[in-house]
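Residue-level structural notes
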Amino acid sequence: MSNSPTKIELTQPDDWHLHIRDGEVMKDVLADTARQFARAIIMPNLKPPVTTVDLAKAYQSRIEANLKLLGVTDFKPLMTLYLTDNTSADEVRKAKDAGIAAFKLYPAGATTNSDAGVSDLKHCYAAIEAMQAVGMPLLVHGEVTSADIDIFDREAVFIDTVLEPLRKQFPDLKIVFEHITTKQAAHYVRDAATAGKNTIAATITPQHLLMNRNAIFAGGIRPHNYCLPVLKREEHRVALLKAATSGNSRFFLGTDSAPHAKGTKEAACGCAGCYSAFNALGLYAEAFESVGKLDKLEGFASFFGPDFYSLPRNSKKITLAKQTQNIPMELPLGDATIVPLRAGETIAWSLV
Ligand code: NCD
Ligand code: ZN
């Protein structure tokens, strides 16, 4: 494939990190994702969080009901459970038998709806031991939470103080370092020794490939570019783009599309999360094209995720075309509206 095509055909991608919330708003956001992706890892940070197999099954039924309302028959939600200080080894084994795709670690207080998160990983050792034994992936929000650590350093400190000790203690545990934002994380995942066992990977969002932290402060405060982990310096964006486009199978697509109603973002204490689902693939295509690596998009978007999760690759094909898409200022979100990433601007690529 030439590196400046105007059309590319890809095996249909999956989104390995997605928030679709619950209730009234779910249908609106699910439609955007289901238009582009075959499957998505559904994050469990609802209020209250999805902590048990029974809660996940009930959530899955609500998702399926919404897919039915949308007339979508070819999208599969991959359910996850929210790890807490009280998650038992039994629940992990039950989850494995029930086809739950993964557990998610939120350090308590790290991000949106993470109050029930883990206060000390030591409380979870029995559950993590069981995950390692049954081959259940642990997805980590990789930031420390102490108020005395600078917000721009929280991911790098997490690697040294939490992730590396965790991997030493549980060398066969499958870990996805979610939505990485720093060169430290990109290099850590790239260089991690795994004895050939495929035990670590990372997801990367479109916003972290396309923007640096200046985007939060461009001419005034830009709440719709605020997410967690927060955007970092340009050198980090460059390192992430290099990792994503390197063809290394440890890096794959996870949008972290995280819808919040307009009013809760444009507020004195605005919520964290970017809504990228509207044309996520277009955003990724733009990022890959910017470094002449469109030929590496299919591996990142469609192959390396299912390979890591030991799931089959999709067979359907999709086409992206270099066709400018205007992004609306707002989209419906239940009774409210949401401001998508790039609102009022354009994205160079769209799904045909
Ligand atoms: C996510 C959300 O809103 O649920 N927010 C975000 O900024 N990414 C939570 C998360 O993934 O950290
Ligand atoms: Zn997320």
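Check the entry above for the structure.
A short tour of the structure in this document, coming up. On a predicted model such as this, the values are computed, not experimentally measured, just so you know.

Definitions and limits used
- The written sequence of each chain sets the order in which its residues are numbered from 1.
- Numbering of ligands from 1 and lettering of chains from A proceed in the order in which they are written.
- Only residues with pLDDT of 70 or above have their local features reported here, since the model is predicted, and side-chain atom pairs are shown and tallied only from 80 upward, although totals for entire chains, interfaces and linings are computed over all residues.
- Derived side-chain values reflect all non-hydrogen atoms in the structure, with water molecules and hydrogen atoms excluded from consideration.
- Atoms are scored as donors when they are N, O or S and lie within 2.8 Å of the metal, with 3.2 Å used for Na, K and Ca; no water is included, so coordination may look incomplete.
- Think of it this way: with four donors and all angles in the 85 to 135 degree range, the site is tetrahedral; with four or six donors, opposite ones beyond 155 degrees and the rest between 65 and 115, it is square planar or octahedral; otherwise it is irregular.
- Nearness is defined per residue: one heavy atom within 4 Å of the molecule or strand is enough.
- Under the rule applied, a polar contact is a pair of N or O atoms within 3.5 Å (in protein, one hydrogen donor and one hydrogen acceptor; residues adjacent in sequence only if both atoms are side-chain atoms).
- Here the accessible surface of atoms and residues is derived via Shrake-Rupley with a 1.4 Å probe, and residues count as covered only by protein chains that are part of the display.
- Residue polarity follows a fixed list, in which Ala, Val, Leu, Ile, Met, Phe, Trp, Tyr, Cys and Pro are nonpolar, Asp, Glu, Lys and Arg are charged, and the others, Gly among them, are polar.
- A run of H or I in DSSP counts as a helix once it spans at least four residues, and a run of E counts as a strand once it spans at least two, with each numbered from the N terminus.
- We define a nonpolar core as any set of buried Ala, Val, Leu, Ile, Met, Phe, Trp, Tyr and Cys residues linked to one another through side-chain atoms lying within 4.5 Å.
- Between buried and exposed lies partly exposed: a residue is buried under 20% and exposed over 50% of the maximum accessible area for its type, with that area taken using a 1.4 Å probe on protein chains only.
- In what follows, a contact means two residues having at least one pair of non-hydrogen atoms within 4.5 Å.

1. A closer look at the coordination of the zinc ion (ligand 2)
The zinc ion (ligand 2) binds to the protein through His 17 (NE2), His 19 (NE2) and Asp 256 (OD); the donor distances cover 2.0 Å. Taken together, the 4 donor atoms coordinating the zinc ion (ligand 2) and their angles of 92 to 140 degrees define a geometry best described as irregular.

2. Thoughts on the site of ligand 1
By nearness alone, 15 residues border ligand 1, and Arg 21, Asn 45, Thr 111, Asp 256 and His 260 come closest of all. His 19 is positioned with one of its side-chain polar atoms (N or O) 3.1 Å from an oxygen atom of ligand 1. Separating an oxygen atom of ligand 1 from a side-chain N or O atom of His 141 is a distance of 3.4 Å. Notes on ligand 1: free accessible area 310 Å², of which the protein chains cover 100%. Grouping the amino acids of the shell around ligand 1 by side-chain chemistry returns 4 nonpolar, 9 polar and 2 charged.

3. With respect to unusual backbone geometry
Of note, the bond from Lys 47 into Pro 48 is cis; its omega dihedral lies within 30 degrees of zero at -5 degrees. Summarising the element assignment, Pro 48 is placed in the loop between β3 (39-42) and α2 (53-70). At the junction of Leu 228 and Pro 229, the peptide bond is cis and its omega measures out at -10 degrees in the coordinates. If you trace the backbone, Pro 229 turns up in the loop between α7 (206-210) and α8 (234-244). Residue Ala 195 is not a glycine yet carries a positive backbone phi of 50 degrees. Not every positive phi belongs to a glycine, and Asn 198 is a case in point at roughly 60 degrees. Inspection of the secondary structure assignment puts Asn 198 in the loop between α6 (183-191) and β8 (200-204).

4. A word on the nonpolar core
Among the nonpolar cores identified, the biggest contains 93 residues, and Leu 138 and Leu 297 are the most heavily contacted of them. If sequence neighbours within four positions are ignored, Leu 138 has contacts with Leu 83, Phe 103, Leu 105, Ile 128, Met 131, Leu 166, Leu 173, Lys 174, Ile 175 and Val 176. In terms of nonpolar packing, the next biggest core, distinct from the first, is built from 16 residues, Ile 41, Leu 78, Phe 252 and Phe 304 among them.

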